[in-house]
Amino acid sequence: MVDTRTQSVSRAGLAAPRFADEDLYRLAEKHGTPYFLIDEATLRKKVSEMEQGFSEYKGVFRVAYSVKANFNPSVIRTFASEGILFDLTAANELVFVLKSGGSAENVMYTSITETAEEYEKIVRMGVRKIVVASYNGLLNLTEAATKAGVVVKAMIRVNPEVHVHAELRGSMGHGKFGLQFNGGSQDSAFYVLKKLLNTPGLEFEGFHFHLGSQIEDPACYADAIEKLEAFILGARRQLGPFTVNTLDIGGGLPVPYGKKVPTPKDLGGKIVEQLNSLVESIGDRFTLVAESGRFLSAESTVLVSRVVNIKSFGEAKYIYVDAGYHVLIDSALLRHEYPVEVVPGGKPSPQKVALVGRLCDPLDVFPISSRSKLGGAEVGKLVVFREVGAYSLVMNMPFHSQPRPPVLMRTSQGGYAVARKGQDAEKLFADEGGDCLSN
Ligand SMILES: Cc1ncc(COP(=O)(O)O)c(C=O)c1O
């Protein structure tokens, strides 16, 4: 029998949020394991950390939440109540935002597909700020705005082609995202800008770039801003005056995952002075937007799993939990070292320890960070994975007929609420085609 009366989960050196061991065991009894648990207060704290990071910017700074990182309605509702913007990439994300208390007015829409149908749909749902990233996209947006009879504020997504030191890079060598500043074809920021400035139904709003995710060296933002400044000044010489109302510097703010990474203050400190001098040099006090997914959502959430088996193999001790990469895909894909902790803990094992998931796949072995504490593991104890709120519960998959786990939220009032019901085997069977068997 596991003694749950000991201290809270978060001990020295481990990131917030803290949950009492008793609460984790009580929730495990009630909802089963694994389950995700989100802390609402941490979501709100992350917004204010971003705001503080850019507080020295002389114009208006707006935080945007990149919904792709975690579209759980309770998460969206929390951010909507903070009055921040939403970065969306799909019309269905807009449905989620509108149904969760957000408004179309606060949406910046950056599509990859850029079809006329998609644009018409979101424009009719009230979105007015749309980022285009191809010439075709511009034509499609024009068609959509004309059909809907509205004026759209269009931004141009540039790819500044800078080197990015990050886990996921989206600039140099990534033609999928954004337009080159100048280039021979109509798919260049210069040509799209020229066309946009002469298109009735569209108003030029500003520029957007996104450099990557989990960016560890913020110097790439400085390089991108420098290139953008040269582009704006050059384009004005050729096209005449135009006003930059908004500059969106994308996402990429990193999450620790067991190591030291720059904070929003570190990043802001590095580039705010440069942004302020950009304001001077182009003469536009643009609204600055930073759209974060990972930073805003990751640290709020833990995944709670249970030890289901332990065995020795040679020198090593293997700890089996009832989670796997089907609920934490980036442990296999990106080898993320989520900080992991046995609850309640114990003395570190003298043996080498491997933490393995329930899937019958050699990839289902969790990388262990230096901040992990796996001492005291016993069958029946809980194992908590930290900083898992981004790109995890929205990517759950039913490999090995595993139902989606429930998502719980500790509300700012201190109670626990269900933020997503777990599936059971019956529901999973039906969703996976069981309900088609009679056809
Ligand atoms: C255009 C855009 N903005 C923002 C983000 C969010 O990035 P992150 O979660 O690293 O902050 C992404 C992520 O892919 C993106 O593609």
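Along each chain, residue indices are assigned from 1 in the same order as the chain's sequence is written. At least 70 in pLDDT is required for a residue's local features to be given in this predicted model, at least 80 for side-chain atom pairs to be given and counted, and no such filter applies to totals for whole chains, interfaces and linings, which use all residues.

1. A closer look at the overall build of the chain
Then comes step 1: Helix numbers and strand numbers start at the N terminus; a helix is a DSSP run of H or I with at least 4 residues, a strand a run of E with at least 2. A count of helical and extended segments in the chain gives twelve helices and 19 strands.
Then comes step 2: Within these notes, the globule rule equals 2.2 Å times the number of residues to the 0.38 power, and the radius of gyration is based on C-alpha atoms. Scaling as 2.2 N^0.38, a compact globule of 439 residues should have a C-alpha radius of gyration of about 22 Å, and the chain matches this with 24 Å.
Then comes step 3: When its C-alpha atoms are laid out on the principal axes, the chain stretches across 75 × 55 × 45 Å.
Then comes step 4: Every C-beta atom is placed from the backbone, and the number of other C-beta atoms within 10 Å of a residue's own sets its class: buried at 20 or more, exposed at 12 or fewer, partly exposed in between. Within the span of the chain, comprising 439 residues, buried residues form 44% of the whole.
Then comes step 5: Distance between backbone-placed C-beta atoms decides contact: two residues are in contact if it is within 7 Å. Across the chain, the fraction of contacts at a sequence separation of at least 24, relative to all contacts at a separation of at least 6, is 72%.

2. Looking at the sheet that holds strand 5 (residues 129-132)
Then comes step 1: Strand pairing requires that DSSP identify at least two bridges connecting the strands. Strand order in this closed barrel of eight strands is 2-3-4-5-6-8-10-11, and the pairing throughout is parallel. Adjacent strand axes in the sheet meet at a mean angle of 30°, parallel and antiparallel pairs treated alike.
Then comes step 2: Sheet topology note: the strand 2 (residues 61-66)/strand 11 (residues 287-292) ladder contains five bridges and is parallel. Opposite Arg 62, over in strand 11, you have Val 289 as the bridge partner. Note on method: axes are straight lines fitted to C-alpha atoms, helices fitted across the in-contact stretch only, with angles between N-to-C directions ranging 0 to 180 degrees.

3. A short note on the packing of helix 2 (residues 40-53) against helix 9 (residues 264-282)
The geometry of a pair of packed helices is captured by two quantities: the angle between their axes and the separation between those axes.
Then comes step 1: As a packed pair, helix 2 and helix 9 sit with axes 8 Å apart at the nearest point and diverge in direction by 20°. Between helix 2 and helix 9, the angle is such that the two are roughly parallel. Here helix 2 and helix 9 pass one another in a crossing that is right-handed. Contact residues: helix 2 offers Glu 49, Met 50, Gln 52 and Gly 53, while helix 9 offers Pro 264, Lys 265, Leu 267 and Gly 268.
Then comes step 2: Here the nonpolar group is Ala, Val, Leu, Ile, Met, Phe, Trp, Tyr, Cys and Pro; Asp, Glu, Lys and Arg are the charged ones; every other residue, Gly included, is treated as polar. By residue class, the composition of the contact of helix 2 with helix 9 is three nonpolar, three polar and two charged. For this classification, under 35 degrees means roughly parallel, over 145 means roughly antiparallel, 65 to 115 means roughly perpendicular, and everything else is oblique. Helix crossings fall into two classes, left-handed where the near helix is turned counterclockwise from the far one by less than a right angle and right-handed where it is turned clockwise.

4. Considering the environment of Ala 189
Then comes step 1: Its location among the elements puts Ala 189 in helix 7 (residues 189-197).
Then comes step 2: Sequence separation between Ala 189 and Asn 159 is 30 residues, and the spatial gap between their C-alpha atoms is 8.9 Å.
Then comes step 3: Residue contacts for Ala 189: discarding those within four places in its chain leaves Ile 156, Val 158, Leu 179, Gln 180, Phe 181 and Phe 231.

5. Brief notes about the environment of Leu 139
Then comes step 1: The topology assignment puts Leu 139 in helix 6 (residues 135-148).
Then comes step 2: The exposure class of Leu 139 is partly exposed, given the 16 C-beta atoms found within 10 Å.
Then comes step 3: Counting along the chain gives 98 residues from Leu 139 to Ala 41, while the straight-line C-alpha distance between them is 43 Å.

6. A few points about the site of the ligand
Then comes step 1: Around the ligand, 15 residues are found, and the nearest of them are Ser 66, Ser 213, Gly 251, Gly 293 and Arg 294.
Then comes step 2: Counting only elements with at least two residues in the shell around the ligand, the list comes to strand 11 and helix 10 (294-297).
Then comes step 3: In the shell around the ligand, the residues fall into three nonpolar, nine polar and three charged. Should the C-beta atom of a residue, placed from the backbone, lie within 6 Å of a molecule or strand, that residue is near it.

7. As for the domain arrangement of the chain
Interface size is commonly expressed as the accessible area that is lost once the parts come together.
Then comes step 1: Where each domain begins and ends follows an automated or database-derived domain assignment. Under the domain assignment used here, the chain contains domain 1 (21-39 + 298-431) and domain 2 (111-292).
Then comes step 2: Computed from C-alpha atoms alone, the centre-to-centre distance between domain 1 and domain 2 is 37 Å.
Then comes step 3: Listed by partner, the interface residues are twelve residues for domain 1 and five residues for domain 2.
Then comes step 4: In terms of residue class, the side of domain 1 that touches domain 2 is made up of five nonpolar, three polar and four charged.

8. Here's the deal with helix 5 (residues 116-124)
Then comes step 1: For helix 5, the complete set of buried residues consists of Tyr 119, Ile 122 and Val 123. Taken down its axis, helix 5 places every buried residue within 100° of arc, on the same side.
Then comes step 2: Looking at the buried side of helix 5, the elements it contacts are helix 4 (91-99), strand 4 (107-110), strand 5, helix 6 and strand 6 (152-157).
Then comes step 3: Of the residues trailing helix 5, Gly 126 is marked for its positive phi of about 110°. Arc definition: it is the arc formed by the directions from the helix axis to the C-beta atoms.

9. Digging into the pairing of strand 12 (residues 301-313)
Then comes step 1: As defined by bridge partners, strand 1 (residues 35-39) adjoins strand 12 across four bridges and the pair is classed as antiparallel. Within the sheet, the bridge partner assigned to Phe 36 lies in strand 12 and is Leu 303.
Then comes step 2: Two elements, strand 12 and strand 17 (residues 382-385), share four bridges in a ladder whose sense is antiparallel. Bridge assignment links Leu 303 to a residue of strand 17, and that residue is Phe 385.
Then comes step 3: Alignment of strand 12 against strand 13 (residues 316-321), held across six bridges, turns out to be antiparallel. Directly across from Phe 313, in strand 13, lies its bridge partner Ala 316.
Then comes step 4: Turn length for the strand 12-strand 13 hairpin, with the two strands adjacent in sequence and antiparallel, is two residues, and the turn residue Gly 314 shows positive phi of about 60°.

10. Digging into unusual backbone geometry
Then comes step 1: The linkage connecting Thr 33 with the following residue, Pro 34, adopts the cis geometry, with an omega of -5°.
Then comes step 2: Looking at the element boundaries, Pro 34 is found in the loop between helix 1 (21-31) and strand 1.
Then comes step 3: At the junction of Val 343 and Pro 344, the peptide bond is cis and its omega measures out at -10° in the coordinates.
Then comes step 4: With respect to the helices and strands, Pro 344 occurs in the loop between strand 14 (340-343) and strand 15 (352-356).
Then comes step 5: Phi is positive for Gln 214, close to 60°, though the residue is something other than glycine.
Then comes step 6: Within the chain, Ser 401 stands out as a residue other than glycine whose phi angle is a positive 55°.
Then comes step 7: For Ser 401, the location among the structural elements is in the loop between strand 17 and strand 18 (407-410).
Then comes step 8: A count of 9 C-beta atoms within 10 Å places Ser 401 in the exposed class.

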